[in-house]
Every structure is written in C-alpha cells, then in structure tokens.
Amino acid sequence: MMATLDASISEISEGRVTLTSSIPTTCRQQQGFAHAALTFGIGDSAAGYAALSLMPRDADVLTTEMKINLLAPGTGDRLVATGRVIKPGRRLMIVQADVWAEENDKRLHVALLTGTMMPVFPKG
C-alpha cells in the first residue's frame, strides 16, 4: 500500500510517525486534488505506525475504527501525515493523525483522523 500511495516514513519517534506522499497522478480525483482515499490511507498508516512504535518487536496492530474529518482539498506537491498515540493500552490504543498539503513554503491542514488500534500478538 505504501508503494501504491508513494508514501514513505520521513520521521519516527516513540509514539509519533510522519509519512510523506507525493500525491501520485493515480491517487488524484477528477478535479486534480488528492483523493480522500489517499488522505485517509496515509493518515491511518501514520497513526498505525505510531501505535506500532510502542509495541514489542513481535507484535503488530490493526485499525478497529477510524474517523476522518476532511477539512480542505489536498492540493500542492505532497501530503504529509503525522500520527501520534493519544493513549496507549494493552488492548486498545487511541490514536490521531493530522494530514497537511504542502506546496513550496505553504502548508494547509486537510484532514484530522481519530481512531483506535488493537495490538495483535503472535500465537503461541
């Protein structure tokens, strides 16, 4: 999915991850804006990686629910999503992500996501 969205990790720290996408032509909607699916995808992924950064190495996470508020059209050169853990937990982790559209020195807040991640541990 990250390759499809041309997304990569640009920053990572404990409980916080930033992803960047170039807004590929294949991820734009009919008016040329970043498609909401791209905005959601990198926001969800940034929040998920932020949750994963607090987990043991053999663990993983799954999104159990995610709400998105689309604030403005995604225009510009790239989208930047910063995910963070609001409340870590053993069974549920509350996360948020902000998605920004950037062009030159301008930055526009295009989405806010809030959700819940579920830690997944290997069987055995």
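Residues numbered from 1 in each chain as written. Predicted model: local features only at pLDDT ≥ 70, side-chain atom pairs only at ≥ 80, totals over all residues. Heavy atoms only, no water.

Peer 1: Hey, could you run me through the overall build of the protein chain in this one?
Peer 2: Secondary structure assignment for the protein chain yields one helix and six strands. Taken from N to C terminus, the helices and strands of the protein chain fall in the order β-β-α-β-β-β-β. Scaling as 2.2 N^0.38, a compact globule of 124 residues should have a C-alpha radius of gyration of about 14 Å, and the protein chain matches this with 14 Å. With the C-alpha coordinates of the protein chain rotated into their principal frame, the extents come out at 50 × 25 × 25 Å. Relative to its full complement of 124 residues, the protein chain shows a buried share of 42%. The long-range share in the protein chain, meaning contacts at least 24 apart out of those at least 6 apart in sequence, stands at 61%. (Helix = DSSP H or I, 4+ residues; strand = E, 2+ residues; numbered from the N terminus. Rg over C-alpha atoms; globule rule 2.2 N^0.38 Å. Buried < 20%, exposed > 50% of the residue type's maximum accessible area, 1.4 Å probe, protein only. Contact = heavy atoms within 4.5 Å.)

Peer 1: Honestly, the pairing of strand β6 (residues 106-120) in this entry has me stumped. Any pointers?
Peer 2: The side chains of a regular strand alternate between both faces of the sheet. Pairing analysis gives ten bridges linking strand β3 (residues 60-70) to β6, with the strands arranged antiparallel. Note on β6: the bridge partner recorded for T63 is M117. Pairing of strand β5 (residues 93-103) with β6, which is carried by eleven bridges, proceeds in the antiparallel orientation. Bridging across to β6, E103 finds its partner in K106. (Pairing = 2+ DSSP bridges.)

Peer 1: Can you walk me through the side chain of T18 in this structure?
Peer 2: Mapping T18 onto the fold places it in strand β2 (residues 16-21). Look at T18 and you get buried, because its relative accessible area is 7%. Polar side-chain contacts of T18 include one of 3.0 Å to the side chain of T82. In this structure T18 touches S8, I9, S10, E11, V80, A81 and T82, once residues within four positions along its chain are discounted. (Polar contact = N/O pair within 3.5 Å; in protein donor to acceptor, adjacent residues only side chain to side chain.)

Peer 1: Sorry if this is basic, but what is going on with the layout of surface pockets here?
Peer 2: Space left empty within the atom packing is revealed by a probe, the size of a water molecule, rolled over the atoms. There is about 190 Å³ of room inside the largest pocket. Lining the largest pocket are M1, M2, D44, S45, G48, Y49, L52, D60, V61, L62, T63 and M117. For the lining of the largest pocket, the elements supplying multiple residues, two or more each, are α1 (36-52) and β3. Class assignment for the residues of the lining of the largest pocket results in seven nonpolar, three polar and two charged. (1 Å grid on protein atoms, 1.4 Å probe; cavity = no way out; pocket = protein on both sides within 12 Å on 5 of 7 lines; lining within 4 Å. Points joined across faces, edges and corners; volume = space filled by probe spheres on them. Nonpolar A, V, L, I, M, F, W, Y, C, P; charged D, E, K, R; others polar.)

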